[in-house]
Amino acid sequence: GDNKPGERGATKCQKALAAIAAKDPMEITWSSKGFPTGPNAGYLSSWIGCCTRQFVPIHLDDVRTLNPKLAELYLARVKEGFIIPDKSHDEYLMHKAADVHRQWRCDVARDWLYVDKATGEMRKSPPENKCPTIKQEEWDLFKKMRTTEKFQVKYPRLLTIYLSFF
């Protein structure tokens, strides 16, 4: 596949999917500061990552600019697997999505954008095994965005880091 030796494929969040299939969402306890705690908090965090990669296009620069309908679909999907009683935790879920999305974009650019970083040759399509949710048109926009002069001026260090991994 597209994975480097010793690497995993895309995270699938089997426990959350099983809870959804059984119509038995997992319970989440919330701290007084509004953060998830307890034995299922880690599963929620992983599920947020899976849902973010499914609903937030990789080329989107800022999750806060996500189409409101997509944001609602994202929140609904997260809540299918977990008992989140009201909308009071939506801000946390969106903030976590923004963190996950930013890290995902950096990881994809660093590990999967280039076929050959020495020559700057870019991958024509997203690696299916590692990034199965990225559509071709989103991939093309992501590549274009990462190679614009504006991006290179704003993030010159990132470009150097991406190209230094080979």
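Heads up: the structure comes first, above all this text.
Enquirer: I keep staring at the nonpolar core and nothing clicks. Help me out?
Expert: A general feature of soluble globular proteins is that nonpolar side chains tend to end up buried together. Within the largest apolar cluster, 28 residues are counted, with the highest numbers of intra-cluster contacts made by L44, W47, I48, Y74, V78, F82 and L93. With six residues, helix α2 (residues 41–55) is the largest single contributor of residues to this core. Residues I58, Y114, M122 and W139 belong to the second largest nonpolar core, which totals 13 residues.

Enquirer: Quick question: what am I supposed to make of the packing of aromatic side chains here?
Expert: Two numbers describe a pair of aromatic rings. These are the distance of the centres and the angle of the planes. Taken as a whole and assessed by the stated rule, the structure comprises three aromatic pairs. For the pair F35 and Y92, a centre-to-centre distance of 5.9 Å together with 90 degrees between the ring planes defines the contact as edge-to-face. One end of the pair, F35, is in the loop between β2 (29–30) and β3 (36–37); the other, Y92, is in helix α4 (residues 90–111), and 57 residues separate them in sequence. We classify Y92 as buried; its relative accessible area is 17%.

Enquirer: Help me out: how do you make sense of the pattern of salt bridges in this one?
Expert: Opposite charge on two side chains lets them pair, provided their charged atoms get close. This structure, assessed with the given rule, holds nine salt bridges. Among the salt bridges present, the one from R102 reaches D99, with a minimum N-O distance of 2.8 Å. Taken together, the residues span about one helical turn, with R102 and D99 both in helix α4 at a distance of three residues. We classify R102 as partly exposed; its relative accessible area is 48%.

Enquirer: Is there a simple way to explain the state of the cysteines in this structure?
Expert: Disulfide: a covalent bond formed between the sulfur atoms of two cysteine residues. Following the criterion strictly, the structure yields one disulfide and no others. A sulfur-sulfur distance of 2.5 Å marks the disulfide that ties C13 to C50. On the S-S bond that ties C13 to C50, the torsion sits near 80 degrees, and the link is right-handed. Of this pair, C13 sits in the segment before α1 (14–21) while C50 sits in helix α2; the two residues are 37 residues apart in sequence, bridging distant segments of the chain. Here the two residues C13 and C50 agree in accessibility, since each one is buried. A disulfide-free cysteine, C51 has its sulfur positioned 6.7 Å from the sulfur of C50, the nearest such atom.

What counts and how
- Residues numbered from 1 in each chain as written.
- Predicted model: local features only at pLDDT ≥ 70, side-chain atom pairs only at ≥ 80, totals over all residues.
- Heavy atoms only, no water.
- Core = buried A, V, L, I, M, F, W, Y, C linked by side-chain atoms within 4.5 Å.
- Buried < 20%, exposed > 50% of the residue type's maximum accessible area, 1.4 Å probe, protein only.
- Helix = DSSP H or I, 4+ residues; strand = E, 2+ residues; numbered from the N terminus.
- Phe/Tyr/Trp six-rings, centres within 6.5 Å; stacked < 30°, edge-to-face > 60°.
- Salt bridge = Lys/Arg side-chain N within 4 Å of Asp/Glu carboxyl O.
- Disulfide = S-S within 2.5 Å.

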